[in-house]
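A look at the structure
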Amino acid sequence: MNQQVHKKVESISFGIFSPKQITEAATAKVVTPELYDREGYPVDGGLMDLRLGVIDPGLRCKTCGQKLKECPGHFGFIDLARPVVHIKFVRQILDLLKSSCRSCGRILIPDESIKRYLTVLDKVGDEEGFEARRRKIKEVVRKYKLKEKCPHCNAKQEKIKLEKPYNFYENEIRLSPIEVRARLEKLSDEDLRIFGFKQKEFRPEWLIITVMQIPPVTMRPSITLESGERSEDDLTHKLGDIVRINQRLFENINAGAPEVIIEDLWDLLQYHITTFFDNAVAQLPPARHRGGQVLKTLSSRISSKEGRIRHNLAGKRTDFSARTVISPDPLIELNDVGVPTSMAMHLTVPERVNVWNVDYLKNYIKNGSKKYPGANYIITTDGKRKAITVETQEEILETLDNGFVVERHLIDGDIALFNRQPSLHRMSMMCHKVKVLPGKTFRLNPAVCNPYNADFDGDEMNLHIPQTEEARAEAKILMLVETQIISPRYGLSVVGCIQDAITGNYLLTKELVLSRNEAVDLLYACGQTDLSDLSDKDKIDGLEVFSILLPNDFNFIGKDKSGNDVKIVNGKLKCGYMDKANLGQESGLMLRNIYEKYGPSYTAGLLGRISKLGITVLARRGFSIGLSDIDLPKEAKDEIHDVINKAEQDALRLIDTYYAGNLEALPGRSILETLEVRILEVLNRSRNKSGDIAMKKVQNSAAVTMARCGSRGNPLQIAQMTAIVGQQALRGQRISHGFSERTLSYFKKNDLSPKARGFIRNNYKSGMTPHEFFFGAMTGRDALMDTALRTPKSGYLYRRLSNAMQDLKVDYDGSVRDASGRVVQFSYGEDGLDVSKTKNGVLDVPKIIREVVGGKN
Amino acid sequence: MADHRKILNSYKNKLPPSILDEIKETFPATGSDAKLTEVLDRTMQSYEDAKINPGECVGLVSAESIGEPGTQMTLNTFHLAGVAEVQVTTGLPRIIEIFDAQKTIKTPMMEIYLNSPHNKLENIGKFAARIKEKVFGELVQEFSLNIFEQTLTAKLSKDLLENFDLDVKELVKTVKTKAKGFNIESEDNIITFFQKGKTEEIKELYNLKEKIKVIKVGGVKGISQVLPVKRGEEYIILTAGTNLKDILGLTEVDSTRTVCNDLYETFEVLGIEATRQLIIDEVYKVIESQGLNVNIRHIMLVADIMCANGQVKGITRYGVVSEKASVLARASFETPIKHLINAALEGEIDNLSSVVENVMINQPVPLGTGLPGLVTKMK
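Below, the structure is looked at part by part. (Residues numbered from 1 in each chain as written. Chains lettered and ligands numbered in written order. Predicted model: local features only at pLDDT ≥ 70, side-chain atom pairs only at ≥ 80, totals over all residues.)

Counting its secondary structure elements, chain A contains 26 helices and 31 strands. At 38 Å, chain A has a C-alpha radius of gyration far larger than the 29 Å of a compact globule built from 857 residues. Over its C-alpha atoms, taken along the principal directions, chain A stretches across nearly 110 × 100 × 70 Å. For chain A, the residues scored as buried account for 39% of the 857 residues in total. (Helix = DSSP H or I, 4+ residues; strand = E, 2+ residues; numbered from the N terminus. Rg over C-alpha atoms; globule rule 2.2 N^0.38 Å. Buried ≥ 20, exposed ≤ 12 C-beta atoms within 10 Å, placed from the backbone.)

And the structure:
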């Protein structure tokens, strides 16, 4: 067996290449701008030189002898005819020039003070970084510069200016890069220490480019178009320009051309090299393609979201992953994910052959890659990958030996990671067990919709198959759905029964009485096989049916959604209805207690059974919603009508008092504000009142049942459907804008009456008048805008937070430290408690005392 | 009882103080020592069970816990606190403002608690009026211009003068410094301005009128609005505009409870620990007002990292992120070129001690299960 040994990267050091290092590291010197000869073969000494790496299939690298994809590429170099300034180091060069003497090259700080400043600077550098150190040096030097004389050789200092982007001037006379380089060469090594260069052997003259490094071809591959034409990478284009101008400069210098021409070419070379590094320098026109498209050069390749760092390094693409539409399946387990068979045949799991599993693995090979469950590839001990086809099958079966790896199809029970974007919290990617199902969608238990924030209106999700034992073990132990039931955000469950499952259990515990046959049938259907606890009465009520699912030693006292007591004694539900408060997500108090006592795995199982019980009950009892659900008897309608009329009258009366000047201002408010507050008060009261009337009169319809138990909708929404929609508000105020001094041209100017300011007195069932509809649309649009504007803002906040805090961890001593070992908290959260292991971060001390001492306390 | 205390004390190093306090509060005084020990032992057991595991990436969990509900927060809810035109920035904008550690905040505010008897309804109004920053124009009941005599007369409101506890003579003094070129006479509550040397220019008087209107004549600088409100049993003052230093200097003010929502002001006046607490309180307040549930530990951690080196640092590329030791971690956040160039110049070494760098080079991250290493003896 060849076990690959991975070396660990300990550290990465950054630095600047010296011209010598560049030439030594280079495999080729580039001297010609031509790329290919007439046969289309790379030219020696050109930019696509074979010594720089290969990008064509079939060719071999002349440096390492490897083929395409094996050869990593090799650097080359160009000897520049004249040195140029590196655009990214311009500011550093300017600082160095400004703070050193023009004749002796010493730093412009007297010898006696250097030591003192060195300690100050080291401190600044350590604490605030390189940038701050640079600013500090400037500050110090400026203090001494006032004397205009070098403290070491007394030479007079001149003013050095940078004309952006890269021209240096001393007293209005331009310093050529050669002169700049000569100045930098004079700086002594000891003085460089003060500037904070940690790299040994660093010389500032390296900041001026004399020899340019050419990136390997593998970094700038050309694309062959359909027409057979070659399209070169932007970098190659740019390098071509540089080589061309450089050669011309050489020729002109050698031919003894006039200085003007040489200067011009030199400037052009400087421009091309500058844009090679950064094509977005403020003062320079960006280099373009012939079509006018801006070239994408080094800087823009690295930065931004699509750049190398964020796109290719911090985020990577994976094999063994799949994506498709999701759909619900309440009958599969909480931990399961339904995977389509067609996918299972492409996603594989590697299994190493040994004496014990050889026969089992042979079955997969026999099935081949076309028949499920089969296998797609085997990997032999010497690392060769062979596809399993009808032709190779026989041979593979014969040669199969211990240590071979078989990449078999996904089967039930395999470990998979399941994810939905946006991955806002850790429950957005959980581990599921595969269940291979027919169809073309991923199936998931509706109870896990909440942590993923998924619905089934066309959402797609991703599936990843871990390929190593280590990864699978970690996923299974740390990421399995059942281990993620409790949110680390607030210590309550994020997984719970939803919708029909809640309605079903609510109805079961509230009103159903079943015959014994029905009860047994029901329980059996939801996976409860042990029915020994069922009493032998003929009629069994819902409470008892529900109790069968609960463990026998479970005790719980709590409240349901409407505030009634829920009591469970020794696994028997004594009173109370099972609704959202005890079964649902984000609250699920009963479930939370079960989790605490019986652990994740049991809770997941119980949750599954309760869900199934709920939906089975509902399926057998029948549950449907219709328009008649929100019908109101005539007298209720009249009553509501009266209430609203009266409120409107009251509001109008208030307006009259306001105009008459008799309205008394509330403390701290103007009279107009007072009026607004009073009107809102009156109208809201009428809305609540009519809502109450409606809720009372539409009792026991399916819609109300759902609102009551919290499975869908709330009383307010019922009231809006049956009684009155109510006041529409923008930013906490009645609608007041639109036309000048009125909301719509339909109203008189300055009309303060309820209906002119967004009060909708109709309900959704009766329908709205045109102006009411318009007001409704106004608030609707406002909400939509709000969401659209909020998403990117909060996304950025989240990115910043996670970037700033990602390296914080709890150390072995319980303190929270960052990556460099700096203590952020001495004890996590001041008491070291894990939120997801407690109820909302609090240890239940009263419960312990109650258990020990007993009694009421 | 003494025994209870002794037993509790013996657990001092085993349980955090908050839990010990709770046991002390809730354990019945009549309970036996044995029961107390049992309670303590069982609490310790469940405390140990609920303790956070070493290696847990608490930072990321906190970031997620705040970032995820951020998507549900409302934007632009400038709602009115209590009953007045004192506006407060809440919701996402406020959270961003705090985490950015912005130097100037949109709605600076203070909550001033007062010592008894000033926190009673009768006295609160007067004190509020006193600290409010006042300008001359507010006091004037009536301006009158006499064109013949070239004079400007300002009739001051007696009520207001009394309310604000201001003296006319003092007023004249302050106004005089700004009204150069005018003689000023005052009689009772009437102030008259005479033009020195007749220029026959009525314009001058007009200009003077506008000028003196905005002269600050009293109150605490920066307090532009005051609003007394009832909080619990007492009355407190909410202000728009802040001046923590001067307000805390007043003897009527309960300096232990008075707060200001400006991070930097709090930092300058009360120091870094107060600022940390302010961040926690302010963020928690917003999250709570949005009806969201985020455990306080997560907010604490953010506040702690913002204040960790004794200076308020925002969660920005100039603040917390710039302090990271790793070049690659900084570069992966924002402005990567700048960080890479500086690292090259300085000759920095990245020791790959945090998360992103290791992700970049495909190595296990030093968190959670990636933290422990195994050493084995080779034969």
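For the rest of this paragraph, the subject is the overall build of chain B. For chain B, the helix and strand inventory stands at 17 helices and 13 strands. The C-alpha radius of gyration computed for chain B amounts to 30 Å, which surpasses the reference 21 Å derived for 379 residues by more than 25%, pointing to a less compact arrangement than a globule. Counting only C-alpha atoms, chain B reaches 115 × 70 × 35 Å along its principal axes. Considering chain B as a whole, with its 379 residues, one finds that 39% of them fall into the buried category.

Take the sheet that holds strand β6 (residues 173-175) of chain A next. Residues and elements named next belong to chain A. Read across the open sheet, the three strands follow the order β4-β5-β6; overall the sheet is antiparallel. At either margin of the open sheet sits one strand with a lone partner, and together these are β4 (160-163) and β6. The average undirected angle you get between the axes of adjacent strands in this sheet is 40 degrees. In this structure, strand β5 (residues 167-170) lies alongside β6, joined through three bridges in antiparallel fashion. Bridging across to β6, F168 finds its partner in L175. (Pairing = 2+ DSSP bridges. Axes fitted to C-alpha atoms, helices over the stretch in contact; angles between N-to-C directions.)

What follows deals with helix α10 (residues 202-213) of chain B. Residue and element names in this part refer to chain B. Between its terminal C-alpha atoms α10 stretches 17 Å, which fits the 16 Å expected from 12 residues at 1.5 Å a residue. Within the span of α10, buried status applies to L205, L208 and I212. Relative to the axis of α10, the buried residues are bounded by an arc of 55 degrees and lie together on one face. Opposite the buried face of α10, by more than 90 degrees, sit the exposed residues K203, Y206, N207 and E210. (Expected span 1.5 Å × (residues − 1). Arc of directions from axis to C-beta.)

This part is about the packing of helix α16 (residues 500-511) of chain A against helix α23 (residues 702-709) of chain A. All names here are of chain A. Contact pair α16 / α23: the axes reach a minimum separation of 10 Å and the direction vectors enclose 95 degrees. It follows that α16 is roughly perpendicular to α23 by the angle criterion. Of α23, the residues touching α16 (which contributes I502, T503 and Y506) are T705, M706 and C709. Partitioning the contact of α16 with α23 into residue classes produces four nonpolar, two polar and no charged. (Parallel < 35°, antiparallel > 145°, perpendicular 65-115°, else oblique. Contact = placed C-beta atoms within 7 Å. Nonpolar A, V, L, I, M, F, W, Y, C, P; charged D, E, K, R; others polar.)

Turning our attention to the environment of R135 of chain A. With respect to the helices, strands and loops of the structure, R135 of chain A is situated in helix α4 (residues 130-145). It is 9.3 Å that separates the C-alpha atoms of R135 of chain A and D95 of chain A, two residues lying 40 residues apart in sequence.

Quick look at unusual backbone geometry now. Residues and elements named next belong to chain A. The amide bond that connects Y372 to the next residue, P373, takes the cis arrangement and shows omega of -10 degrees. As for its placement among the helices and strands, P373 is situated in the loop between α12 (358-367) and β13 (375-379). Going from Q421 to P422, the amide bond is cis rather than trans, its omega being -5 degrees. Mapped onto the secondary structure, P422 falls in the loop between β16 (415-419) and β17 (429-437). One non-glycine residue, E830, lies in positive phi territory at about 70 degrees. With respect to the secondary-structure elements, E830 resides in the loop between β31 (823-825) and α26 (845-853).

A separate point is the interface of chain A and chain B. Each side of the interface is counted separately: chain A has 86 residues, and chain B has 94 residues. Contributing elements (two or more residues each) for the side of chain A that touches chain B: β1 (12-13), α4, α9 (298-302), α10 (308-313), α25 (770-805), β29 (809-810), β31 and α26 of chain A. The biggest single contributor to the side of chain A that touches chain B is α25 of chain A, with 14 residues. The sheet contact formed by β1 of chain A and strand β13 (residues 349-350) of chain B spans two bridges and is antiparallel. Within the sheet, the bridge partner assigned to S13 of chain A lies in β13 of chain B and is I349 of chain B.

Right, let's get into the pairing of strand β6 (residues 151-156) of chain B. Residues and elements named next belong to chain B. On β6, burial follows the alternation: L152, A154 and L156 on one face are buried, whereas T151, T153 and K155 on the facing-out side are not. In this sheet, β6 lies alongside strand β5 (residues 140-146) in antiparallel orientation, the contact comprising six bridges. By the bridge assignment, L145 is partnered in β6 with L152. Counted along the chain from β5 to the antiparallel partner β6, the turn is four residues long, and its residue Q150 has a positive phi close to 55 degrees. Pairing analysis gives five bridges linking β6 to strand β8 (residues 190-195), with the strands arranged antiparallel. Pairing of T151 across the sheet is with F194, part of β8.

A word on the nonpolar core. Ranked by internal contacts, the top residues of the largest apolar core, which has 189 residues, are V339, V545, L607 and I718 of chain A together with V58, I305 and M306 of chain B. Looking at this core, the element that brings in the most residues is helix α20 (residues 589-621) of chain A, giving 12 residues. If we skip the residues at most four places from it in the chain, M306 of chain B touches A101, I279, V312, K313, I315 and V320 of chain B. Counting 45 residues, the second largest nonpolar core, distinct from the first, contains M48, L52, F89 and L239 of chain A. (Core = buried A, V, L, I, M, F, W, Y, C linked by C-beta atoms within 7 Å.)

A separate point is the environment of D807 of chain A. Relative to the helices and strands, D807 of chain A resides in the loop between α25 and β29. Along the backbone, D807 of chain A and P715 of chain A are 92 residues apart, and their C-alpha atoms lie at a distance of 46 Å. Excluding anything up to four places from it in sequence, D807 of chain A contacts D818 and A819 of chain A together with G59, S354 and V355 of chain B.

What follows is about helix α13 (residues 272-289) of chain B. Residue and element names in this part refer to chain B. Over its 18 residues, α13 extends 26 Å from the first C-alpha to the last, a length consistent with the 26 Å expected when each residue adds 1.5 Å. Taken together, the buried positions of α13 are occupied by T275, R276, L278, I279, E282, V283, V286 and I287. One side of α13 holds all its buried residues, which, seen down the axis, span an arc of 160 degrees. Residues of α13 that are exposed and point more than 90 degrees away from the buried face comprise E273 and E288. With its phi angle positive at about 70 degrees, G291 sits one or two positions after the end of α13.

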